[in-house]
Amino acid sequence: MRMQLRCSTATDKDFALTAERYIASLDIGTTTIRCFIYAAKRDIGKLDVVGSAFEQVELVYPAPGQVEIVPSQLWDSVISTIANAIKSAKLTAKQIACLSITTQRNTFTCWNKLTGNVYHNFITWKDLRADQLVQQWNRSFKLRALKTGARLLHFFTRNKRFLAGSVIKLMNPQVTMRLAWVLQNNVELQRDVKDGNVLYGTIDSWLLYRLRQGLDQSRVVEHIGDVTNCTSTGFYDPFGQEWAGWALNLFNIKKELLPKVVDNSYDFGYIDESLFGSPIKIGTSISDQSASLWGNCCFDKGEVKITMGTGSFLNVNTGTTCLASVHGLYPLVGYKMATCDSTELVYLMEGASNDNGSIIEWAMSIGLFTDPRDSASMALSVSDSDGVSFIPAFSGLGPPIRDDTAGTGFIGIKASTSKEHLVRAILESLTYRIALLYVCALEETRYTFTRIKVDGGVSRNDFICQTLADLTGLPVERGEVADSTALGAMFLAGLNVGIWHSKQELIDIRKIDRVFEPNAANKNNCLKSMRSWERAVERFKRWYIAEELNSLN
């Protein structure tokens, strides 16, 4: 059932104002599981972290290109992380007002609803096992016909939904083709699908199921998934607010497998008391990028935030309008929540570049630096990159270039090139990819942006933030909290359970670490370097194609 944000009585308000309330926030990322315990006291606008715990996510690589997570290991890590966070805060589960959940998107598994047994490990968003299927379908007559039909319908109706359909491109990070691959290759799952006993879910959906089951995995509970996680899968229609019938039919995905899509203020119920000795209310579930939007308090139409972590994700708040993109950005549901008398639905336009974290790790592995924090000072120790460009395309190049086969590497190395020049070229390339996403957002939305908010581990790099400010001509605002997903999920849960009563209270709580003002005198140099980098990108694309042609001879 839907949770209405409470219209509090005077007694409720007095209690909320004076009492210190504790919220646990669980954040499941690609490499780390973290849980923070926040102590909130509304009357003085106070918010402190009083406990925390974390564990590493153990990724499994069963074959080249395949990246998995073992569900039992993830479950054990989640339970121990929550328990250890509560313990570090010197609290008990009974003292926790609620727990918020935010997760990485598009990592999924399938399980038997009668036994709770999984049919396969979590297949992560980084997995490439369905790459051949992705390429085949993108070249297929069926998909071309679908896009042509959508193009014609858009011509006659001018409906943005059909414009989005006219430029559909299947992608590995989305769930669609990886789920289709599983349905084609897992014999046990194929058998049980016919009996109606199989459930599919991304991490949020599976976790909501398991937490409410408790220790009894045969217990049947409501199968749900929050809208912000469902919307990024590739087979959810954000325009129609439903699972996309065309995708289910085209890829033989039975709707009975899928969770009921719920908003972010839904009554998610309680964590079963068998797990922590006392039931804990689940305050909300929300995807990592939507949680980051809340953590940066990007509540107004036209606000833009960029998360620089494992990948770079640019999100523009487009308000109540779901925009279509022709440059490779993706329309998503940012969040959906009920208030006392209405439902608030906010959309995003998202662009992504997937290689930040892997490129930083690679640079460390070849000895360019030993600590990512050193890279900014190394880049600033030289005036330019000495004509060197780096192409960051381990996972291809995203929008607006959209080339999944581009090569990765340096170009322009000379005898005078130093380690510092190489580091600067790498950091510049990461910034250029973000700047291209920003240009796409400008063209797609026609909004006038006033500032860019940034978060994520890579946002701690001053060189990248200043270069981004110089390129865009906008102030770049970095929050005090580097990874704001847990903070944002906690903000939303606190609103849902009545700890806070307005978004303005959250804006007042959020603290800014630094604002990087654009340096107009440096803009021309930055643009000149970026144009040189863009020319280098084209050469890498041609190099790759030439290599492919050579291999055929």
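The chain appears in an unreviewed UniProt entry as Glycerol kinase from Aedes albopictus. Quoted verbatim from the Sequence similarities (unreviewed entry) field of UniProt, the annotation for the chain is "Belongs to the FGGY kinase family."

Once that is clear, we can look at the overall build of the chain. Helix and strand counts for the chain come out as 19 helices and 24 strands. For 553 residues, the compact-globule estimate of 2.2 N^0.38 gives 24 Å, and the C-alpha radius of gyration of the chain, at 23 Å, lies within 12% of that figure. For the chain, the C-alpha atoms occupy an extent of roughly 70 × 55 × 50 Å along the three principal directions. Per-residue burial over the chain gives 57% buried out of 553 residues. Within the chain, contacts between residues separated by at least 24 positions form 73% of all contacts whose residues are at least 6 apart in sequence. When the accessible surface of the chain is split by element, carbon and sulfur atoms take 52% of a total near 23,000 Å².

Take the nonpolar core next. With 43 residues, the main nonpolar core has Leu26, Ile37, Leu74 and Leu207 as its most contacted residues. Elements supplying a minimum of two residues to this core: β1 (20-28), β2 (32-41), α2 (71-88), β6 (96-103), α8 (203-213), α11 (273-276) and β15 (280-287). Of all the elements, α2 adds the most residues to this core, at seven residues. Beyond its immediate sequence surroundings of up to four residues, isoleucine 37 is in contact with Tyr22, Ile23, Ala24, Asp48, Val49, Val50, Gly51, Ala85, Ile86, Ala89, Leu91 and Ile96.

One open sheet holds the six strands; their spatial order is β3-β2-β1-β6-β15-β14, and the pairing between them is mixed. Every interior strand has two partners, whereas the edge strands, β3 (46-56) and β14 (270-271), have only one. Sheet topology note: the β14/β15 ladder contains two bridges and is antiparallel. Along β15, the bridge assignment pairs tyrosine 270 with lysine 281. Contacts between α2 and the sheet are confined to β1, β2, β3, β6 and β15, with β3 contributing the most and set at about 145 degrees to the helix. Helix α12 (residues 288-295) rests against β6 and β15 of the sheet, and its axis sits at about 100 degrees to β15.

A few words now on helix α16 (residues 462-472). Three- or four-residue spacings in an α-helix give side chains the same orientation, since the helix completes a turn every 3.6 residues. With nine of 11 residues buried, α16 lies mostly within the body of the structure. Among the residues making up α16, those that are buried are Phe463, Ile464, Cys465, Thr467, Leu468, Ala469, Asp470, Leu471 and Thr472. With a side-chain oxygen positioned 3.1 Å from the backbone nitrogen of phenylalanine 463, the residue opening α16 is asparagine 461. Downstream of α16 by a residue or two, glycine 473 has a phi angle that is positive, lying close to 75 degrees.

So, on to the packing of helix α6 (residues 176-185) against helix α7 (residues 187-194). Two numbers describe how α6 lies on α7: the axes approach to 6 Å, and their chain directions differ by 90 degrees. Comparing their axes, α7 and α6 come out roughly perpendicular. Contacts between α6 and α7 involve Val182, Leu183, Gln184 and Asn185 from the first element and Val187, Leu189 and Gln190 from the second. Its residues placed into classes, the contact of α6 with α7 shows four nonpolar, three polar and no charged.

Let us look at the packing of α12 against helix α17 (residues 485-496). Where α12 meets α17, the closest approach of the two axes is 6 Å, and the angle between their N-to-C directions is 75 degrees. Taken together, α12 and α17 sit at an angle that is classed as roughly perpendicular. Counting all contacts with α12, which are made through Asp288, Ala291, Ser292, Trp294 and Gly295, the residues of α17 involved are Thr485, Leu487, Gly488, Ala489, Phe491, Leu492 and Leu495. Tallied by class, residues from the contact of α12 with α17 come to seven nonpolar, four polar and one charged.

Bringing the pairing of β15 into the picture now. β15 sits mainly inside the fold: eight of its eight residues count as buried. Alignment of β6 against β15, held across five bridges, turns out to be parallel. Directly across from leucine 99, in β15, lies its bridge partner isoleucine 282.

Counted at 1.5 Å a residue, the expected span for α17 with its 12 residues is 16 Å, and the 17 Å between its end C-alpha atoms agrees. Burial of α17 is extensive: 12 of the 12 residues sit out of reach of the surface. Directly after α17, the chain includes glycine 498, whose backbone phi takes a positive value near 90 degrees.

Okay, the side chain of glutamate 428 next. With respect to the element layout, glutamate 428 can be found in helix α15 (residues 419-445). Classification of glutamate 428 by relative accessible area gives buried; the value is 7%. Every residue in contact with glutamate 428, bar those within four places of it in the chain, is listed here: Ser385 and Phe463.

Here we take up the sheet that holds strand β17 (residues 312-319). One open sheet accounts for seven strands, arranged β18-β19-β17-β16-β22-β23-β24; its pairing is mixed. Across the chains shown, the open sheet's two edge strands, defined by having one partner strand only, are β18 (330-338) and β24 (512-516). Each strand of the sheet is rotated relative to its neighbour by a mean of 25 degrees, with strand direction disregarded. The pairing of strand β16 (residues 304-308) with β17 spans five bridges and is classified as antiparallel. Among the inter-strand pairings, threonine 307 is bridged to a residue of β17, identified as phenylalanine 313. Its contacts with the sheet place α15 against β16, β17, β19 (343-353) and β22 (452-455), and it is angled at close to 20 degrees to β17.

The final tally for this structure, using the stated rule, is 23 salt bridges. Where arginine 105 meets aspartate 288, a salt bridge forms, and the shortest distance between an N and an O atom there is 3.5 Å. In this pair, arginine 105 is assigned in the loop between β6 and β7 (108-112) and aspartate 288 in helix α12, connecting sequence segments 183 residues apart. Assessed through its relative accessible area of 10%, arginine 105 is described here as buried. Classification of aspartate 288 by relative accessible area gives buried; the value is 16%. The closest approach of N and O atoms between glutamate 477 and arginine 510, which form a salt bridge, is 2.6 Å. Here glutamate 477, found in strand β23 (residues 476-479), pairs with arginine 510, found in the loop between α18 (503-509) and β24; they are 33 residues apart in sequence, far enough to count as distant.

Thresholds applied
Residues numbered from 1 in each chain as written. Predicted model: local features only at pLDDT ≥ 70, side-chain atom pairs only at ≥ 80, totals over all residues. Heavy atoms only, no water. UniProt positions renumbered as here; feature names shortened; annotations may be inferred. Helix = DSSP H or I, 4+ residues; strand = E, 2+ residues; numbered from the N terminus. Rg over C-alpha atoms; globule rule 2.2 N^0.38 Å. Buried < 20%, exposed > 50% of the residue type's maximum accessible area, 1.4 Å probe, protein only. Contact = heavy atoms within 4.5 Å. Areas by Shrake-Rupley, 256 points an atom, 1.4 Å probe, with all protein chains shown as cover. Core = buried A, V, L, I, M, F, W, Y, C linked by side-chain atoms within 4.5 Å. Pairing = 2+ DSSP bridges. Axes fitted to C-alpha atoms, helices over the stretch in contact; angles between N-to-C directions. Polar contact = N/O pair within 3.5 Å; in protein donor to acceptor, adjacent residues only side chain to side chain. Parallel < 35°, antiparallel > 145°, perpendicular 65-115°, else oblique. Nonpolar A, V, L, I, M, F, W, Y, C, P; charged D, E, K, R; others polar. Expected span 1.5 Å × (residues − 1). Salt bridge = Lys/Arg side-chain N within 4 Å of Asp/Glu carboxyl O.

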